[in-house]
Amino acid sequence: VQLVESGGGLVQPGGSLRLSCAASGFTFSSYGMGWIRQAPGKEREFVATISRAGINTDYSDSVKGRFTISRDNAEKTVYLQMNSLKPEDSAVYYCASRFTYNAGTLYPVSNEYNTWGQGTQVTVSS
């Protein structure tokens with residue numbers, strides 16, 4: 001079971017980035033997926049979650065309206081489109097997964113996830 005994030009980098013405030021998370025070694029379409037971030041000296045923070053069929057999504061209040069989570073079950077990939085980035089969005093972003101029998105279940109709490117990727121750094125700075 002493996003999750004590999006990519007797409008992080010340095011961007012100016014107001015800019016955009018698209019993160020990708022490629023999954024392997026498990027039946028991707030049976031798992032709810034999420035993005036969680038952690039800034040230096042801070043606790044992990046839930047960012048976004050998507051149900052296994054992509055029917056439902058949820059976001060933290062801090063990113064709602066700016067970030068969009070999506071998934072492609074055929075490609076076994078989950079995405080996080082980040083727009084209008086702010087310096088406070090700077091963090092290591094992790095994707096994570098959790099098995100579920102329910103097509104619409106969401107996991108908006110970071111400690112609900114079983115498997116995590118290695119993370120990708122996002123830095124928002126001028």
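In this text the structure is predicted, and so the values were computed from the model without any measurement. (Residues numbered from 1 in each chain as written. Predicted model: local features only at pLDDT ≥ 70, side-chain atom pairs only at ≥ 80, totals over all residues. Heavy atoms only, no water.)

Participant: Hey, could you run me through the sheet that holds strand β3 (residues 17-24) in this one?
Facilitator: Note: strands within a sheet are paired through backbone hydrogen bonds, in either parallel or antiparallel orientation. Strand order in the open sheet formed by 4 strands is β1-β3-β8-β7, with antiparallel pairing between adjacent strands. The strands lining the two open edges of the sheet, one partner per strand, are β1 (2-6) and β7 (67-72). Strand-to-strand, the axes of this sheet are offset by a mean angle of 15°, without reference to chain direction. With 6 bridges connecting them, β3 and strand β8 (residues 77-82) associate as antiparallel partners. What sits directly across from L19, in β8, is L80. (Pairing = 2+ DSSP bridges. Helix = DSSP H or I, 4+ residues; strand = E, 2+ residues; numbered from the N terminus. Axes fitted to C-alpha atoms, helices over the stretch in contact; angles between N-to-C directions.)

Participant: Help me understand the nonpolar core in this model?
Facilitator: Nonpolar side chains tend to gather and get buried jointly when the protein is soluble and globular. W35, V78, L80, M82 and Y93 are the most contacted members of the largest nonpolar core, which has 28 residues in total. Counting residues per element, the ones that place at least two in this core are β3, β4 (31-38), β5 (45-50), β7, β8, β9 (91-99) and β11 (120-124). It is β3 that provides the largest number of residues to this core, a total of 4 residues. (Core = buried A, V, L, I, M, F, W, Y, C linked by side-chain atoms within 4.5 Å. Buried < 20%, exposed > 50% of the residue type's maximum accessible area, 1.4 Å probe, protein only.)

Participant: For this particular structure, what's the right way to read the environment of F67?
Facilitator: Relative to the assigned elements, F67 resides in strand β7. Through-space distance from the C-alpha of F67 to that of S30 is 23 Å; in sequence the pair is 37 residues apart.

Participant: For this particular structure, what's the right way to read the state of the cysteines?
Facilitator: As used in these notes, a disulfide is a covalent bond between sulfur atoms, one from each of two cysteines. Tallied over the full model, the rule gives 1 disulfide. What pairs with C21 in a disulfide is C95, and their sulfur atoms sit 1.9 Å apart. Remark: C95 occurs in strand β9 and C21 occurs in strand β3; sequence separation between them is 74 residues. You can call C95 buried: its relative accessible area is 0%. (Disulfide = S-S within 2.5 Å.)

Participant: Any chance you could explain the pattern of salt bridges here in plain terms?
Facilitator: Across all of its chains, the model carries 4 salt bridges by this definition. The closest approach of N and O atoms between R37 and E45, which form a salt bridge, is 2.8 Å. Judged by its relative accessible area of 5%, R37 falls in the buried class. Where D89 meets R37, a salt bridge forms, and the shortest distance between an N and an O atom there is 2.9 Å. A residue pair is termed long-range when its members are at least 10 positions apart, and D89 in the loop between β8 and β9 and R37 in strand β4 qualify at 52 residues. Grouping residues by exposure puts D89 and R37 together as buried. Residues participating in the shared-partner salt-bridge network are R37, E45, R66 and D89. (Salt bridge = Lys/Arg side-chain N within 4 Å of Asp/Glu carboxyl O.)

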